[in-house]
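Commentary on secondary and tertiary structure
Letter by letter, the chains look like this.
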Amino acid sequence: MKSKSGEAAVMKTVVCLGDSITYGRVGESYFEMLKRDFKGRARFINCGVNGDLSYDVLKRLDKVMSIKPDFIILLIGTNDVWATYSEKVMNAYMRRNKLPERPSKEGYERNLRQILQELDNSTGAKIGVMSLPLITEDPEHVLFKRSIEYSDSMKQMALKMNIGYIALNERQLDYLKMSAKATTTSQEISWELTLRVLLRHSVFRKKWDELSRENGLILTVDHVHQNGTGATLIKDCAAEFLREFHNLD
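**Observations regarding the nonpolar core**
Within the largest apolar cluster, 38 residues are counted, with the highest numbers of intra-cluster contacts made by L17, L74, L112, L119 and V129. Each residue touching V129, except ones within four places of it in the same chain, is listed here: L74, L112, L116, M154, A158, I163, G164, Y165 and I166. V14, M33, M130 and A231 belong to the second largest nonpolar core, which has 24 residues in total.

Here it is in structure tokens:
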């Protein structure tokens, strides 16, 4: 790769940091889509971990910072929101992730602020914090509403800290409102649903979009993990951040 002056350009490193939506093994992978979009023009590193909450990301920032990235795209909070759904779900997250306190919006905001401060102070990277994908496609569902509430907090925090904000939640909400289709699922969000979807994909070789249609969903395969449409919206938001704000071409 050469610059416009003809000199060899140093390839920029982009870290995508987050949970299973970034890791990309359940549902379509926005990360792989983004890599293809910038093939040969940037080095992409996947720092997504299945099941991570903001607390878990905070514990592994040293590894991210050791990469010395030029850009960091942070997408974290879906599990923080999901963990507030019920006592049963919350207790399961606390056991699995060895959380020091009950997940809450206040705890999430505290963790997110510390993540952004440490990355901003220690890396010199251009940081884009992405608002959350919608959780469920039912505007009356408590997790749908909380994904919007948490995203609004992220936006306000990013503005105060002068950190780049990537408006994914708003993009998906607009898409859902304008969609000619309608969500028709009667299935509730659950780990059991996710496991069934994963089983049908891995054993019966069902494509993610096919599973999404079977479940009557528009953006996801299981209310959380993205189908082709949902992942493309995430990829587009990330690509716009890299191209328009920081001239990664």
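**A look at helix 8 (residues 142–161)**
Helix length check: helix 8, at 20 residues, gives a terminal C-alpha distance of 28 Å against a target of 28 Å (1.5 Å per residue), a fit within 8%. Listing the buried residues of helix 8 in full gives L143, F144, S147, Y150, S151, S153, M154, M157 and A158. Residue N162 follows helix 8 closely and has a positive phi angle near 60°.

**Overview of the sheet that holds strand 2 (residues 42–48)**
The five strands lie next to each other as 2-1-3-4-5, forming an open sheet whose pairing is parallel. With one partner strand each, in any of the chains shown, strand 2 and strand 5 (164–166) form the two edges of the open sheet. Recorded for the sheet is a direction-independent mean angle of 20° between the axes of neighbouring strands. In this fold helix 8 packs onto strand 4 (126–130) and strand 5, with an angle of close to 155° to the strand it touches most, strand 5.

**Describing the packing of helix 7 (residues 105–123) against helix 8**
Geometry of a packed helix pair, given as the angle between the helix axes and the separation of the axes. Closest axis-to-axis distance for the helix 7/helix 8 pair is 11 Å, and the angle between their directions is 35°. Taken as a pair, helix 7 and helix 8 cross one another with a handedness that is right-handed. Counting all contacts with helix 7, which are made through K105, Y108, E109, L112, R113, L116 and Q117, the residues of helix 8 involved are E149, Y150, S153, M154, M157 and M161. Of the residues contributing to the contact of helix 7 with helix 8, the split by class is seven nonpolar, two polar and four charged.

**A look at the packing of aromatic side chains**
The full count for this structure, using the stated rule, is five aromatic pairs. Relative to F44, the ring of F31 has its centre 6.4 Å away and its plane inclined at 80°; by these criteria the two rings are edge-to-face. Of this pair, F31 sits in helix 2 (residues 30–37) while F44 sits in strand 2, placing them 13 residues apart in sequence. Residue classification places F44 among the buried positions, given a relative accessible area of 13%. Directly above the ring of Y23 sits R25, whose terminal nitrogen or CZ lies 4.4 Å from the centroid.

**Structural notes on the pattern of salt bridges**
For the coordinates displayed, the defined rule picks out 12 salt bridges. With a closest N to O distance of 3.7 Å, R243 and D37 form a salt bridge. Placement of R243 in helix 12 (residues 228–245) and of D37 in helix 2 is noted, with a sequence separation of 206 residues between them. By relative accessible area, R243 is classed as partly exposed at 29%. Look at D37 and you get partly exposed, because its relative accessible area is 28%. One connected set of salt bridges, linked through shared partners, spans D37, K235, D236 and R243.

What counts and what doesn't
- Residues numbered from 1 in each chain as written.
- Predicted model: local features only at pLDDT ≥ 70, side-chain atom pairs only at ≥ 80, totals over all residues.
- Heavy atoms only, no water.
- Core = buried A, V, L, I, M, F, W, Y, C linked by side-chain atoms within 4.5 Å.
- Buried < 20%, exposed > 50% of the residue type's maximum accessible area, 1.4 Å probe, protein only.
- Contact = heavy atoms within 4.5 Å.
- Helix = DSSP H or I, 4+ residues; strand = E, 2+ residues; numbered from the N terminus.
- Expected span 1.5 Å × (residues − 1).
- Pairing = 2+ DSSP bridges.
- Axes fitted to C-alpha atoms, helices over the stretch in contact; angles between N-to-C directions.
- Left-handed = near helix turned anticlockwise from the far one by under 90°.
- Nonpolar A, V, L, I, M, F, W, Y, C, P; charged D, E, K, R; others polar.
- Phe/Tyr/Trp six-rings, centres within 6.5 Å; stacked < 30°, edge-to-face > 60°.
- Lys NZ or Arg CZ within 6 Å of the ring centre and 35° of its normal.
- Salt bridge = Lys/Arg side-chain N within 4 Å of Asp/Glu carboxyl O.

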